[in-house]
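Commentary on secondary and tertiary structure
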Amino acid sequence: MNKKKAAAPPDPVAVLRGHRASVTDICFHPSDRILFSGSADGEVRIWDTLQHRTLSSSWIHSASHGIVAVSSSSSLGTNKFVSQGRDGTVKVWDFAHAALSRSPVLTIKTNTYHFCKLSTVKNPKYFPTKELGRPSHIEIPDDRRQDESAAQSCSQSSEGLQYVALSGENPSEVEIWDLKSAERFVRLPSSIISSSSGVCNKDRGMCMALQLFLPSESQGSMNVLAGYEDGSMLWWDVRNPGVPVTSVKFHSEPILSLCIDSSCNGGISGAADDKIVMYNLDHSSGICVIKKEINLERPGISGTSIRPDEKIAATAGWDHRVRIYNYRKGNALAILKYHHATCNSVTFSSDCKLLASASEDTTVGLWELYPPA
Amino acid sequence: MEKRELEGAVVTKVREVISAITNAKHVDEVVCALHSIAALLFPLDSSLISGSIEEFYRDKVLRVKIPSDEERHDWWDAFYRGVGFPTLARFLLHDVAPNWLGCFPIAAQKHAYDVFFSHGLVSEVVQILVPFLQQNGSDGLDVSTVISNSERLLVLCLLENNGVLQLAREFGGPFKSKGFTNVQIRPAVSRVAQIVASIPDKARMNTLTSLSSQYPLFALPGLDIIWVCMFFKKIIVQLLSLAEERDMTLLENVDMLDEMDKNGALLFVGELFSRISRRGFAELLSSELVLRVLRLVKKCLSSSNHSSTKELLESYPESMCWSRMMEAIRDPYIIERISEQILHQLVTHDADDVQAYWVLWLLFHRNWKVQASIRSIFVDKFLLWKVFPVTCLKWILQFAVHECPPGNSLSGHDRPRFSNIVERLVTAWSKKEFVQTAPIEQQAYISAALGLSLETMSKEELDGMKNSMHLILQGVSCRLESPNDLVRKMASNVALVFSKIIDPKNPLYLDDSCSQETIDWEFGFTARKIVEKTKTSELPSIDKDSDFPVNKEKSISVKSKKKLLDFDTLDPDEIIDPASLNLESDIDDDDDDDDDSASENSYSSSDSSLQPYDLSDDYSDLKRNFTQLTDIVAALRKSDDAEGVERALDVAEKLIRASPDELKHSARDLTRTLVQVRCSDISVEGAEESAEEKRQRALVALTVTSPFESLETLNKLLYSPNVDISQRIMILDVMTEAAQELAESKILKPKQPSTRETSSLISVVSDTRPWFLPSSQGTPGASSWKEVSGTGAFQNWSNTYERELPPKSNQVMKGKTRRWSLRSPVAEQNQMEFSHNKFPMYAAAFMLPAMEGYDKKRHGVDLLGRDFIVLGKLIYMLGICMKSVAMHPEASVLAPSLLDMLKSREVCHHKEAYVRRAVLFAASCVLVAVHPTYISSALLEGNVEIASGLEWIRTWALDVVESDTDRECYMMATKCLQLHAEMALQTSRALESAKSSFKSSPALPSDASKVTIKIPYLNKD
């Protein structure tokens, strides 16, 4: 649509107003035209992204603590979403017909009081065209796998992979919790052998950003990419909870957000320093290599997201701007100015048509950019 | 014939002629008698007279024996040098002129009467003629005829016949021929010169027609000066032609100094020039002089190509005369006057540097060599005491200091006199007293002199002068403290020149404005004078726009290159080639083996849509806005977050003006924080001013919105050792502005539920209206009082108020009035009424704490000494407060304490003119602020405090007018005296009326009359 060079960047197609406090996290429903947003006063709103209005609103975490993250993923099922509060709990919610259940399906007391957003499992997905001959069956390790019910029409075999990764009670550790049993599944580094490994000492500081994913190459064992306070990034494989697969340090300041593309072959990270790093994950050799480093004039990227079609990536900046990059080449495509406060999060809808940005100015912006073919 | 015999014959002849004329019955007899002697003296053609007289006498005339030339010459000599001429001349002037001259035929008058004067020995003629100008008619003579005749003859003799030139020749003559000695000639020369120069004084004022025949008739007494000018101008022209006509015979052989004394012609010229100059015509003389010399120099310069101008000038014969002529003027005062005028004339003639140098050289090079007095005139008086335009200064330096024509290389040779002069300049310049007392023009002049001479100096020369470096630095530093930016500019200019000597590659710019290559040594003085003229007409006021040095001090500018905002390392204009993207995706996905071509195609087709948008960005929205006062305080305290401080300053004023409820609580904190913010630290180069301004505006807003709280803090900080001088000044500025703002504020309040309804029922004991408004009683239905805005800029003595009155019942309104609104009397009642001045209630809080500690010397606080600028500002602020409280009762309460402060010796006789000016301003403010009725009642009550204070203002202002060196000071003092006089007049009036009312009713009628109960007036319309 924008054949002409240097057109003015577009305005948001819609602005969702209603939150009374900073919108901390947003997340699209994996299939429906629904957006979840959580705010710093503990409110969750469910929005109809077609009509741009609130479907429901409820305080699901205490107002004094607020919500850190909301997440909805096909791995959870289409009628569930997870919310993480700063009150030390993670709650799983059922919703039907856009109405939220009065009480959570599940409440996990994680005793975590940090800002690290939890992460649900991301597994290599297929493009909507489904022409690619990717293996659609994911081997899920039998001992951890729950019964796979292919109940939802649009969701894939990953349904039921109900794990979340979050920064643990000891914030330098990553914990993976099973949402079915509400039990901690694994701790990284596992406390037993952490003393023997020199890689993950406490010098890294707190874990600041996480991404749980299930690469096709890993024979169904989950991997975690975790960003730490000192700017380093560790790649864990749950099969080896003691020692990370690899450790890299691209940033000089705490990593604030991580995102892995849909094929799990690369990702993007934003930190409190003035750069965005794009990298490739080489699963066979287990190394992470930098692909592109983008320098910013103003530091602080609190959210990153890669569109499911892996064409563009978006970042949410402290400088109130949402920036769009060509994910393949790494060149800047647009600077979206609408918010007048720090942007906390960006996310793309699964159909690649919408981009949502959440900001401290209590609004959520919806954008339509580079529509997919 | 022997000389004595000849003289006897002359006397006999004269006696004959006189007796013949005395007995004459007919005019022709008189003509005949005169002709008979004239023929002996002058080469006359008798036929010229004979034509106009009767037959009988014609023969007689023609029969007169014509002597030979030689005889005639002897006769002439004997006649004029002996007693013959005086006798005959007196007779001619005294008797013939009134009795016979009117009947003379024109030719006879010319050849038989005038000839005695026009062809005589001028020195004698003048001595006879001039006393007749003052003839007084006691013995029944026709005095006016005598006088006008003498005037006519003088014009004929001196002006038309070039008599003055002849005089010079006459005095030159004896020296050559007879060897007059100095003793003999000198008194004669000076006597004649004295007589000639006094002619204009003696000539009658209004009857100058005869002496100015070719000029318009000036009957007005004021215009005789023009005639005097004309007279002197003609004389000067004659004398100057002496030099121009290259008549070297007169002026030769005068190279030796002592011979010079004996040359009568030069003596006469010098004497006459001195006397003319003494009479105030040095300008005239020098303008004529410059005209001629400059012409000569120009001619000379245009003809000379490369040869030395000096040699060429010397080759001109007349060129030397000028110098000798100047040498002939022996009076040093006159020389000074003339050379001063010459310099000014050169400026008006637009001479360039080379021309001016050579003009000065031609005129003064001999004097310069010989006379110490002229050297001191140029080097001392003209450099240190007088003030010339800067171009003149350059010439003076060139001629008197460098002593070589412009363009010659100056440095290098040994110049003892030069360094001596520079040393003297530096010593004078660096003194603090000089900065304090000298008029600004002179300071500028000496700074320019110093700067210009420094410009020609080398480092070695500077090193050679002991102390010079120290003195220059001292002078610079004491100037940089000055409140006057012009003085600071002088310092920075001199410092720049000085630094260029020390290190030419690294000039020191103390000021942004002098970054250009050539320094403006005139300091923009021409423009300033015009401004000053307009300023004097207003009330004395401190130059408010003169900046403070402290703000400027830090602007030692290092021009930092503004980093271009290199926006993004990525090229926004980059065209994404689908193919390359495709290729890259291939490379990227090389481990993705199953990426088939179909997907690639889909990539390429869709990736072409990934055209970048316009990636330009601005940051205006990034400035986070503060919404809470506490946020602002917090942000201001974080001095390391410059951006935050700046943004806080941006919003501070607005937020304070909104006057939120919590303002009262955080006012103290906020005041302190705002005062202590270092604007220079936080803002980018060049933008300090605006940050400073914002801070100041915020403080003003704060002081206006919550005066008591913030004033408490401000006054504490004012004398706190923890703030620097710039902060103190800022505090005072803030207080000044706040006082003014409070005084001008308009509070709207609902009108007193009104005169008609309520006050008729309830008597109001205390009226809330200000006391100075007229009482609201009177015709019911009248609107409220409004002040009539006067045209004058300043508060008037008598404020006038007006209000609309309803028509009286017997008045019939004719015609129709249409109004486009419903205007019922009720609506009128609801009108708002505003009180004008909010300041008086805060005045004490403003003034009293500030006046407390000014004279205490504490750590870091020394208002009377080093921090005099703060003192000046403080007094100015107090003055403004006084003015703002004018005509309110508070003024009378506060005035005595303010006057006490001003009265103290260290304040009113402060060394710095800046402080004295402030005191004058404050005193003037007191004069206009105190209500005359208060003064009168204070006097009646026997309270003399205020009266003595006001009397002190008068005496002190008188003292300043008489003795202050600063021009602005004494101008302000005169204005102050005027105000005092006016105030005294008003007070005496008030006193009289008070006394009369005192007698009639001992209990003064007070506001009690307001309490009268009024009958409601129901039917208004």
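Look up: the structure comes first, before these words.
Residues numbered from 1 in each chain as written. Chains lettered and ligands numbered in written order. Predicted model: local features only at pLDDT ≥ 70, side-chain atom pairs only at ≥ 80, totals over all residues. Heavy atoms only, no water.

With respect to the overall build of chain A
A count of helical and extended segments in chain A gives zero helices and 29 strands. Partitioning the intrachain contacts of chain A with sequence separation of at least 6 by distance along the chain shows that 49% fall at a separation of at least 24. Here chain A has roughly 13,700 Å² of accessible surface; of this, 49% comes from carbon and sulfur atoms. (Helix = DSSP H or I, 4+ residues; strand = E, 2+ residues; numbered from the N terminus. Contact = heavy atoms within 4.5 Å. Areas by Shrake-Rupley, 256 points an atom, 1.4 Å probe, with all protein chains shown as cover.)

Overview of the pattern of salt bridges
Residue and element names in this part refer to chain B. The full count for this structure, using the stated rule, is 35 salt bridges over all chains. In this structure, Asp 733 engages Lys 873 in a salt bridge whose closest nitrogen and oxygen atoms are separated by 3.4 Å. With Asp 733 in helix α38 (residues 725-744) and Lys 873 in helix α42 (residues 868-884), the pair connects residues that are 140 residues apart, well separated along the chain. Grouping residues by exposure puts Asp 733 and Lys 873 together as buried. Through salt bridges with shared partners, a single network forms among Glu 653, Arg 657, Glu 693, Arg 697 and Glu 741. (Salt bridge = Lys/Arg side-chain N within 4 Å of Asp/Glu carboxyl O. Buried < 20%, exposed > 50% of the residue type's maximum accessible area, 1.4 Å probe, protein only.)

Here we look at the environment of Ala 316 of chain A
All names here are of chain A. When you line up the elements, Ala 316 lands in strand β24 (residues 312-317). You can call Ala 316 buried: its relative accessible area is 0%. Each C-alpha atom, one on Ala 316 and one on Ser 257, is 9.5 Å from the other, the two residues being 59 residues apart in sequence. Discounting residues that sit within four places of it in the chain, Ala 316 has contacts with Gly 300, Ile 301, Ser 302, Gly 303, Arg 321, Cys 343, Asn 344, Ser 345 and Val 346.

So, the nonpolar core
The nonpolar side chains of soluble globular proteins are, as a tendency, buried together. Residue and element names in this part refer to chain B. Judged by nonpolar contacts, the single largest core of 176 residues is most densely connected at Phe 104, Tyr 113, Phe 116, Phe 117 and Phe 268. Among the elements that take part in this core, helix α15 (residues 264-303) stands out by supplying 16 residues, more than any other. For Phe 117, the residues in contact, after removing those within four places along its chain, are Tyr 80, Phe 85, Ala 89, Leu 92, Leu 93, Val 125, Leu 129, Leu 153 and Cys 157. The next biggest cluster of nonpolar side chains, apart from the first, holds 110 residues, and it includes Ala 667, Ile 869, Ala 886 and Ala 923. (Core = buried A, V, L, I, M, F, W, Y, C linked by side-chain atoms within 4.5 Å.)

Points about the environment of Val 290 of chain B
Residues and elements named next belong to chain B. Looking at the element boundaries, Val 290 is found in helix α15. Spatially, the C-alpha atom of Val 290 lies 9.0 Å from that of Leu 343, the residues being 53 residues apart in sequence. Here Val 290 is in contact with Arg 295, Ile 342, Gln 345, Leu 346 and His 349, once residues within four sequence places are set aside.

A word on helix α1 (residues 3-23) of chain B
Residues and elements named next belong to chain B. Taking 1.5 Å as the rise per residue, α1 with 21 residues should run 30 Å; its terminal C-alpha atoms sit 30 Å apart, in good agreement. Inspection of α1 places Leu 6, Val 10, Lys 13, Val 14, Val 17, Ile 18 and Ile 21 among the buried residues, and these make up the whole buried set. One side of α1 carries all its buried residues, which in axial view fall inside an arc of 135°. Every exposed residue of α1 that faces more than 90 degrees away from the buried side is listed here: Arg 4, Arg 15, Thr 22 and Asn 23. Against the buried residues of α1 lie α2 (27-41), α5 (69-81) and α6 (84-99). (Expected span 1.5 Å × (residues − 1). Arc of directions from axis to C-beta.)

Distances and angles like these do not, on their own, reveal function.
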